[in-house]
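Summary of structural features
One letter stands for each residue in the lines below.
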Amino acid sequence: VENILDGLAIVATPAGIGFLLLGLTAGFVAGVLPGFGSANAAAIALPFTFGMPLELALIFFISVYAGSSYAGAIPAILMNVPGTAGAAATALDGFPLAQQGRANLAIGLARMASSVGGVIGMVIVLAIISPMATIALSFGSREMFAVAVFGLTMISTLLGSNVRKSLISALLGLLIAAMSANTMTGQARLTFGFIELYDLVPFVPALIGAFALTQMFLTSGRKSLLPEDSAIIEDYRPKGIAGEVADILEGIKATFRFPRTLIRSSLVGLVVGAIPGTGAVIANFLSYGLAKRGSKNPEEFGKGSLEGVIASEAADNGVACGTLVPTMTLGIPGSGTAAVMLVAFLLHGVQPGPSVMLTHTAAVYATLVALLFASILILPLGVLLAQPLTFVTRLKPAYLVPGVLILAFVGTFANRNSTFDIGVAIIFGLLGVAMRLSGYPIVPLIIALILGPIAEEQMLRSLQLGNGQIGYFVGSPIAIALWVVIVTTFGWGILRDFRARREAQGEPALESSASDD
Amino acid sequence: MGSAADDRVGAHIPASEVRVSEPERSIDRRMRHAMEVLVPTVAIAFSFVFFVSVGDLAAQSSLYPRIVSGLVIVLSSVSLLRFFKARQLSVDASAEEEEDFETLNGSWVKAGFCIAVTIVYGFAISRVGFYVSTGLYAFTVAAVLGRPAILRPLVFAASITGVSYLSFGYLMEVPMPSGWLF
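Analysis parameters
Residues numbered from 1 in each chain as written. Chains lettered and ligands numbered in written order. Predicted model: local features only at pLDDT ≥ 70, side-chain atom pairs only at ≥ 80, totals over all residues. Heavy atoms only, no water. Helix = DSSP H or I, 4+ residues; strand = E, 2+ residues; numbered from the N terminus. Buried < 20%, exposed > 50% of the residue type's maximum accessible area, 1.4 Å probe, protein only. Areas by Shrake-Rupley, 256 points an atom, 1.4 Å probe, with all protein chains shown as cover. Contact = heavy atoms within 4.5 Å. Core = buried A, V, L, I, M, F, W, Y, C linked by side-chain atoms within 4.5 Å. Expected span 1.5 Å × (residues − 1). Patch = residues over 30% accessible without salt bridge, like charges linked within 9 Å, V, L, I, M, F, W, Y side chains within 5 Å. Salt bridge = Lys/Arg side-chain N within 4 Å of Asp/Glu carboxyl O. pLDDT = per-residue confidence, 0-100. Axes fitted to C-alpha atoms, helices over the stretch in contact; angles between N-to-C directions. Parallel < 35°, antiparallel > 145°, perpendicular 65-115°, else oblique. Left-handed = near helix turned anticlockwise from the far one by under 90°. Nonpolar A, V, L, I, M, F, W, Y, C, P; charged D, E, K, R; others polar. Phe/Tyr/Trp six-rings, centres within 6.5 Å; stacked < 30°, edge-to-face > 60°. Lys NZ or Arg CZ within 6 Å of the ring centre and 35° of its normal.

1. Details of the overall build of chain A
Looking only at helices and strands, chain A has 24 helices and 0 strands in total. Classification of the 517 residues of chain A by burial places 63% in the buried group. When the accessible surface of chain A is summed, it comes to about 17,800 Å², and 67% of that surface belongs to carbon and sulfur atoms.

2. Describing the overall build of chain B
The number of helices and strands found in chain B is 5 helices and 0 strands. Start at the N end of chain B and walk to the C end: the helices and strands fall as α-α-α-α-α. Sequence-distant contacts in chain B: of pairs separated by 6 or more residues, those separated by 24 or more amount to 65%.

3. Overview of the nonpolar core
By size, the foremost hydrophobic cluster in this structure holds 187 residues, and its most contacted members are Leu 213, Leu 368 and Phe 428 of chain A. Beyond its immediate sequence surroundings of up to four residues, Leu 213 of chain A is in contact with Ile 208, Leu 405, Ala 408, Phe 409, Ala 425, Ile 426 and Gly 429 of chain A.

4. Let's talk about helix α3 (residues 108-124) of chain B
Owing to its 3.6 residues per turn, the α-helix brings residues three or four apart onto one side. Taking 1.5 Å as the rise per residue, α3 of chain B with 17 residues should run 24 Å; its terminal C-alpha atoms sit 24 Å apart, in good agreement. Buried within α3 of chain B are the following residues: Trp 108, Ala 111, Cys 114, Ile 115, Val 117, Thr 118, Tyr 121, Gly 122 and Ala 124 of chain B.

5. A closer look at a nonpolar patch on the surface
The grouping of Tyr 165, Leu 166, Tyr 170 and Leu 171 of chain B at the surface amounts to a nonpolar patch, some 460 Å² of accessible area in total. Inspection of the secondary structure puts Leu 171 of chain B in helix α5 (residues 151-171).

6. So, the side chain of Thr 255 of chain A
All names here are of chain A. Within the secondary structure, Thr 255 sits in helix α12 (residues 240-255). With relative accessibility at 0%, the residue Thr 255 sits in the buried group. For Thr 255, the contacting residues outside a window of four places in its chain are Leu 109, Met 112, Ala 113, Leu 262 and Ile 310.

7. Details of unusual backbone geometry
Its identity as a non-glycine residue notwithstanding, Asn 467 of chain A has a phi of 55°, on the positive side. Here Asn 467 of chain A is to be found in the loop between α22 (443-465) and α23 (477-504).

8. Here we look at the confidence of the model for chain A
On average, residues of chain A carry a pLDDT of 76, and 78% of them reach 70 or more. Confidence drops under pLDDT 50 across residues 226-234 of chain A; counting only partners more than four residues distant or on other chains, this segment forms 14 contacts.

9. What about helix α4 (residues 54-71) of chain A?
Taking 1.5 Å of rise per residue, the 18 residues of α4 of chain A would be expected to cover 26 Å, and the 26 Å separating its terminal C-alpha atoms lies within 8% of that figure. A large share of α4 of chain A lies buried, amounting to 17 of its 18 residues.

10. Some remarks on the packing of helix α14 (residues 280-294) of chain A against α22 of chain A
Residue and element names in this part refer to chain A. Close contact between α14 and α22 brings their axes to 10 Å; oriented N to C, the two are set at 135°. Taken together, α14 and α22 sit at an angle that is classed as oblique. The crossing of α14 and α22 is left-handed. Contacts from Val 281, Ile 282 and Phe 285 of α14 reach α22 at Val 443, Ile 447, Ile 450 and Leu 451. For the contact of α14 with α22, a count of residues per class yields 7 nonpolar, no polar and no charged.

11. Concerning the pattern of salt bridges
All names here are of chain A. For the structure shown, the criterion picks out 4 salt bridges over all chains. With a shortest N-O distance of 2.5 Å, Arg 189 and Glu 456 are connected by a salt bridge. Placement of the pair is Arg 189 in the loop between α9 (163-177) and α10 (203-219) and Glu 456 in helix α22, with a sequence separation of 267 residues. Assessed through its relative accessible area of 1%, Arg 189 is described here as buried. By relative accessible area, Glu 456 is classed as buried at 7%. Residue Glu 457 is joined to Arg 461 by a salt bridge in which the shortest nitrogen-to-oxygen separation is 2.9 Å. With Glu 457 and Arg 461 both in helix α22 and 4 residues apart, this pair spans about one turn of that helix. Taking the relative accessible area as the measure of exposure, Glu 457 reaches 24% and is therefore partly exposed.

12. With respect to the packing of aromatic side chains
All names here are of chain A. On inspection of all chains with the given rule, the structure shows 12 aromatic pairs over all chains. With 6.4 Å between their ring centres and 90° between their planes, Phe 19 and Phe 60 make a pair best called edge-to-face. Of this pair, Phe 19 sits in helix α2 (residues 14-32) while Phe 60 sits in helix α4, and the two are 41 residues apart along the sequence. The class of Phe 19 is partly exposed, set by a relative accessible area of 22%. Look at Phe 194 and Phe 420: their rings are 5.1 Å apart centre to centre, the planes differ by 50°, and that puts the pair in the tilted class. Of this pair, Phe 194 sits in the loop between α9 and α10 while Phe 420 is found in helix α21 (residues 419-437), placing the two residues 226 residues apart along the sequence. What makes Phe 194 partly exposed here is its relative accessible area of 38%. Taken together, the aromatic side chains of Phe 19, Phe 60 and Phe 61 make up a single cluster linked through ring pairs. It is Arg 142 that lies over the ring of Tyr 472; its NZ or CZ is 4.3 Å from the centre.

13. A few points about the environment of Thr 489 of chain A
Residue and element names in this part refer to chain A. As for its position among the elements, Thr 489 is in helix α23. Along the chain, Thr 489 and Ser 156 lie 333 residues apart, while their C-alpha atoms are 9.6 Å from each other. Among residues more than four places away in sequence, those in contact with Thr 489 are Thr 153, Met 154, Thr 157 and Arg 293.

14. What about the confidence of the model for chain B?
Residue and element names in this part refer to chain B. Averaged over all residues, the pLDDT of chain B is 77; the fraction at 70 or higher stands at 75%. Low pLDDT, under 50, characterises residues 1-18; the stretch is placed with 63 contacts to residues that sit more than four places away or in other chains. Note on residues 93-99: pLDDT under 50 across the span, and 23 contacts to partners over four residues away in sequence or across chains. For this predicted complex, the interface score ipTM comes out at 0.85, alongside a pTM of 0.69.

15. Comments concerning the packing of α9 of chain A against α22 of chain A
In a pair of packed helices, the angle between the axes and the distance between the axes together describe the arrangement. All names here are of chain A. Put simply, α9 and α22 touch, their axes get as near as 7 Å, and they point 40° apart. By the angle class used here, α9 and α22 are oblique. The element α9 and its partner α22 pack so that their crossing is right-handed. Here Ser 166, Ser 169, Ala 170, Leu 172, Gly 173, Leu 174, Ile 176 and Ala 177 of α9 lie close against α22, whose contacting residues are Pro 444, Leu 445, Ala 448, Leu 449, Gly 452 and Pro 453. Taken together, the residues that form the contact of α9 with α22 break down as 10 nonpolar, 4 polar and no charged.

Here it is as structure tokens:
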């Protein structure tokens, strides 16, 4: 409690609140710009934090993270373009809700779920940060390998209606991720002589290409972003403060109609975020998948389910909380923004690691308290900035497409000042178009890109530790539990596919004969 | 239709709300079939090259990519076989998975143009320079995708180039690529 009060004393100063609001606003803008994200915003802001105290810099960065986690939902809902990777699952139901003329409700839900997810996550982190770090520390190679496979299995079986196509997508992602120098031997594999590929395929341009570029390419042929239904267009108009307040109230009511989903998703985000290398994308889809499986109306998922939006957004902001556990206790960044925060530590002469919890307790707890405050302030600030943020939906594709693509290229280039990354983004954009037009989901590929290096490293390490014995992979209770879930989920997915094919077997023939007539 | 397909990530406006002619639907179907062959074929070729290229490396470096590329080859081959088998039976191979497909509602020419110009833009920004190529790119895409007009795209291109310069080049001091011109 003493530590929390110390943190509170730092945040509750004019400077602390000022940087918190500034960070939230920057995060909103970064989150709403597809492909830009909090890591880019935080990285650009990093040079400006040299002269300020470490605590204020951390408050600023964590507020950018929280703001962007929420705001990423806005373009996901309104344009089907996730502003951040963590909002990808939000688009699955948020966009259909917008198509049904309920965009403001979806944004209200996202706002409330983000806020509650952040608050639940942060309260728990404040209470159990040390035990959480102990749990993460106890994960060895075999457990981390099982976690990576578990994430891929969940995504492959829960996303899309065809497990085979999802698996191909995921495996392609693993293969693309392997186009690098092997971490243990240093031997390059299929890098085509590009030195840039030695450190893995750059994730930021891959993400921007697969999501933003693909979406803009597919949007480019359309006359309008909105359906040709005037009622829907009418509903897309910003409602003003009074309307926004009404939406908040409706969002609050609707959010708390699903308390189990809300709590479960916040916890999923928290736990997954606390495992280094996993992050918002996995938490997002894992939470979405669990919500779908546990829902009384699973058939509504993908068509505008309120639970779907809640699950995704609560988990997304829960991740922001969970990420702080390995960042602060182990010195391992759980995300790009967390990496920027660790760089801020170094710039202030502090070596990140377990000792930070002892030597800079006030700074650590100020960051945690700031995230709690930021989660609460999302509600009022989200209302104030709703109109400017929703303005983007009224743009015509003829102007939006080049605008977003130029921004995407700027974000891609700014990440590492590399024109090579622009080429990577284009390749992933083309790949995304081809895959989506032929029914292959792109999300498993992107998740596999993140998990691939972890999976390979942990697999090889486990083989070394187990002297090549396969039994080593199931040599601990956690690993056994994870593998049981993996096999069960995979089996269920194949069975579901098989049943769906059998049910549909008669229909294609009928359809074919009907068209012949 | 209003199926689940329209509601997925990247989905477009439901087909029922978009006026698409029969020839346009036919083009969509043919292109979709082409993509259904293209994607697994490219996956097989890529995996095969990967599988072979790691042959000379140490076991630690080659084990994992060999396992993964082997799986991709097997699964992609199954996809291709299923597609051609269904074609032999005169059945729409993808009908059972109809909800997973996206279409361009016949607007392949505009989308293709946008993709082609974007690729050119991607290469041009490091050679011609970011600001000049951005202005030209914004004008070209806005003029072709929007209503046939000159003034609006011109104003848009000038604005977006100016805003890019002010925000990224001047205020944020993000070093943008420079080339022959600016």
